[in-house]
Amino acid sequence: MSVRVRSLTGAALDAVLDDVAGLRIAVFRDWPYLYDGDPDYERRYIATYRENPDAIVIGAFDGDRLVGAATGTSMEDHAAEFGAAFADAGVVLADLFYCAESVLLPDYRGRGLGHAFFDAREDHARRLGRANSAFCRVVRPLDHPRRPAGYRPLDPFWRKRGYAPLEGVMAHYSWKDIGETDETAKPMQFWTKAL
């Protein structure tokens, strides 16, 4: 089975907006995000990447089927909560590229697609003249009742890519967990890497 990875812009991105939204909902439903996704919100969210010339959306395709996607943009163009987290860290937002999300169906994991997603976004960031790349991950309590037995965080993968947690730089972002009625703010730890 051969999976192609390519950047999506314009009509190519428009053609898969619903598929990207569906991937985000499906993948982020699992631990540790537990996201109870909303298709309308997702379409609006992904559309912001289409409208931003500094943004990138990468798709992984098995034939014509979208099986994974990753996004990225200049940090100052992402959610205000995320940029505000860097206010006291001595980081200039204009130097920072934000690798927003990587979502990949479980059957396609372990094949190097995560590396391809980061490679494409980091190359794009360098072309934009960004000195650093960052992403964030949700922080859940180790004793959370929905934490699966045997869960292995992606920390070793991210460290292999050269990322490290930026101590004290946290954002809080709200979404509705599955089984909940209201959105709650979740702590999000930033990881960075010099490009």
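Calculation criteria
Residues numbered from 1 in each chain as written. Predicted model: local features only at pLDDT ≥ 70, side-chain atom pairs only at ≥ 80, totals over all residues. Heavy atoms only, no water. Helix = DSSP H or I, 4+ residues; strand = E, 2+ residues; numbered from the N terminus. Rg over C-alpha atoms; globule rule 2.2 N^0.38 Å. Buried < 20%, exposed > 50% of the residue type's maximum accessible area, 1.4 Å probe, protein only. Areas by Shrake-Rupley, 256 points an atom, 1.4 Å probe, with all protein chains shown as cover. Contact = heavy atoms within 4.5 Å. Expected span 1.5 Å × (residues − 1). Bend = angle between axes of the 7 residues up to and from the residue. Pairing = 2+ DSSP bridges. Phe/Tyr/Trp six-rings, centres within 6.5 Å; stacked < 30°, edge-to-face > 60°. Lys NZ or Arg CZ within 6 Å of the ring centre and 35° of its normal. Axes fitted to C-alpha atoms, helices over the stretch in contact; angles between N-to-C directions.

### Let's talk about the overall build of the protein
(1) Moving on: A tally of helices and strands in the protein yields five helices and seven strands.
(2) Moving on: Starting at the N terminus, the α and β elements of the protein follow one another as β-α-α-β-β-α-β-α-β-α-β-β.
(3) Moving on: Here the C-alpha atoms of the protein give a radius of gyration of 16 Å, agreeing with the 16 Å that 2.2 N^0.38 yields for 195 residues.
(4) Moving on: Across the 195 residues that make up the protein, the buried fraction comes to 44%.
(5) Moving on: Summed over its atoms, the accessible surface of the protein is roughly 9,900 Å², and 51% of this surface lies on carbon and sulfur atoms.

### Topic: unusual backbone geometry
(1) Moving on: W31 connects to P32 through a cis peptide bond whose omega is 10°.
(2) Moving on: Along the chain, the position of P32 falls in the loop between α1 (10-28) and α2 (39-50).
(3) Moving on: With phi around 55°, L34 is a residue other than glycine that occupies positive phi space.
(4) Moving on: Following the sequence through the fold, L34 ends up in the loop between α1 and α2.
(5) Moving on: Judged by relative accessible area, which is 5%, L34 ranks as buried.

### Observations concerning the side chain of R24
(1) Moving on: Among the structural elements, R24 can be located in helix α1.
(2) Moving on: Judged by its relative accessible area of 7%, R24 is buried.
(3) Moving on: In this structure R24 touches R29, Y35, Y41, E42, Y45, I46, E101 and V103, once residues within four positions along its chain are discounted.

### Focus on α1
(1) Moving on: Taking 1.5 Å as the rise per residue, α1 with 19 residues should run 27 Å; its terminal C-alpha atoms sit 25 Å apart, in good agreement.
(2) Moving on: If you look at α1, its biggest bend is around 50°, right at V16.
(3) Moving on: L13, V16, L17, V20, A21, L23, R24, I25, V27 and F28 are the residues of α1 that are buried.
(4) Moving on: In this structure, the buried side of α1 is in contact with α2, β2 (56-62), β3 (65-74) and β4 (96-104).

### Comments concerning the pairing of strand β7 (residues 183-194)
(1) Moving on: By the bridge criterion, seven bridges tie strand β5 (residues 132-138) to β7 in an arrangement that is antiparallel. Residue pairing in the sheet places S133 in a bridge with K193 of β7.
(2) Moving on: The pairing of strand β6 (residues 164-176) with β7 spans nine bridges and is classified as antiparallel. From the neighbouring strand, K176 faces β7, where its bridge partner is E183.

### A look at the packing of aromatic side chains
(1) Moving on: Taken as a whole and judged by the stated rule, the model has 14 aromatic pairs.
(2) Moving on: Taken together, a centroid distance of 6.1 Å and an interplanar angle of 80° make the contact between W31 and Y151 edge-to-face. You can see W31 sitting in the loop between α1 and α2 and its partner Y151 sitting in the loop between β5 and α5 (155-160), a full 120 residues away along the chain.
(3) Moving on: Judged by its relative accessible area of 26%, Y151 falls in the partly exposed class.
(4) Moving on: In textbook terms, an aromatic cluster arises when at least three aromatic residues are bridged by ring pairs, as seen for F118, F135, F157, W158, Y163 and W191.
(5) Moving on: A cation sits over an aromatic face here: R6 above F61, 4.5 Å from the ring centre.

### Some words on the sheet that holds β5
The strands making up a sheet associate through hydrogen bonds between their backbones, and the pairing can be parallel or antiparallel.
(1) Moving on: With mixed pairing, the seven strands of this open sheet are ordered in space as β1-β2-β3-β4-β5-β7-β6. Both outer strands of the open sheet, β1 (3-7) and β6, are each paired with one neighbouring strand and no more. Taken over all neighbouring pairs, the strand axes of this sheet differ in orientation by 25° on average, direction set aside.
(2) Moving on: On top of the sheet, helix α4 (residues 113-127) reaches β1, β2, β3, β4, β5 and β7; it is set at about 155° to β4, its chief contact.

Remember, this is a structural readout, not a statement about activity or role.
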